[in-house]
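# Results of the structural survey
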Amino acid sequence: KYRVAIMPLSDGAEPEIVWEGDGRFDQAFYPVWSPDGGRLAFSVWSEGGYHDLYVLDVATREATRLTNDRALDTVPRWAPGGRWLYYASDRNGIYNIYAMDVATREVKQVTNMLGGTQWFDVSPDGERIVWTSTRDHMDMPIGNWSDDSEYPQGAELYVSDWKGGNVQRLTHNE
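Parameters and conventions
Residues numbered from 1 in each chain as written. Predicted model: local features only at pLDDT ≥ 70, side-chain atom pairs only at ≥ 80, totals over all residues. Heavy atoms only, no water. Core = buried A, V, L, I, M, F, W, Y, C linked by side-chain atoms within 4.5 Å. Buried < 20%, exposed > 50% of the residue type's maximum accessible area, 1.4 Å probe, protein only. Helix = DSSP H or I, 4+ residues; strand = E, 2+ residues; numbered from the N terminus. Contact = heavy atoms within 4.5 Å. Polar contact = N/O pair within 3.5 Å; in protein donor to acceptor, adjacent residues only side chain to side chain. Pairing = 2+ DSSP bridges. Axes fitted to C-alpha atoms, helices over the stretch in contact; angles between N-to-C directions.

## Looking at the nonpolar core
- Membership of the largest hydrophobic core comes to 14 residues, with the highest contact counts inside it found for Tyr86, Ile97, Ala99, Val110, Phe120, Ile129 and Trp131.
- Of all the secondary structure elements, the ones that give two or more residues to this core are strand S8 (84-89), strand S9 (96-101), strand S11 (117-122) and strand S12 (128-133).
- When sequence neighbours within four positions are dropped, the list of residues in contact with Phe120 reads Val75, Arg77, Tyr86, Tyr87, Ala88, Ile97, Ile129, Val130 and Trp131.

## Examining the environment of Gly82
- Counting through the fold element by element, Gly82 comes out in the loop between strand S7 (73-78) and S8.
- Judged by relative accessible area, Gly82 falls into the buried class, the value being 7%.
- Residues Gly82 and Trp33, spaced 49 residues apart in sequence, show a C-alpha to C-alpha distance of 9.7 Å.

## Focus on the side chain of Ser123
- Relative to the helices and strands, Ser123 resides in the loop between S11 and S12.
- Given a relative accessible area of 11%, Ser123 falls into the buried group.
- A polar contact of 2.6 Å, which involves the side chain of Ser123, links it to the side chain of Asp125.

## A few points about the sheet that holds strand S10 (residues 107-109)
- The 4 strands lie next to each other as S7-S8-S9-S10, forming an open sheet whose pairing is antiparallel. Every interior strand has two partners, whereas the edge strands, S7 and S10, have only one. Mean inter-strand twist for the sheet, computed between neighbouring axes without regard to direction, equals 30°.
- As defined by bridge partners, S8 adjoins S9 across 6 bridges and the pair is classed as antiparallel. In the strand pairing of S9, Leu85 is matched with Met100.

## Brief notes about unusual backbone geometry
- Positioned with a positive phi, Arg105 is a non-glycine residue whose angle comes to about 65°.
- Along the chain, Arg105 falls in the loop between S9 and S10.
- Positioned with a positive phi, Asn166 is a non-glycine residue whose angle comes to about 55°.
- Its place among the elements puts Asn166 in the loop between strand S13 (156-161) and strand S14 (168-169).
- Judged by relative accessible area, which is 64%, Asn166 ranks as exposed.

The following block contains the structure:
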């Protein structure tokens, strides 16, 4: 099992397990602190192939499951105010970035890239998102995966506003 633990920074401190799933296959991934340090968001892979988002209240040790569907919801990232939780999901068939209002569970799709977007982060001021995608390399050749000189290079780095608009490509891989 993959668990979530908190490790105090004092000498001789022991880690405290703050979340352990009920199922034998439950595994936690990508834990991230909320801006105020009061919550932890993480994704859980559970029996049946579910990959959903959870938020743990650090004070009460109570975990709340935010998503419960067949979509693979992963890589949570908090917006600076702690109201919105961004995450990658394949709920439309291709990984893109979504944002959830944690209190109301309202979900908004942030990116809509045919090449998908999964690896991302939110700027400290919450105004921008940086992410990777193969959107400009949809005609990427298969290549020889065993030879570094022919390994297909296609993911580019992009930045957009927090709503997914004003997209700028930052890299130009060959």
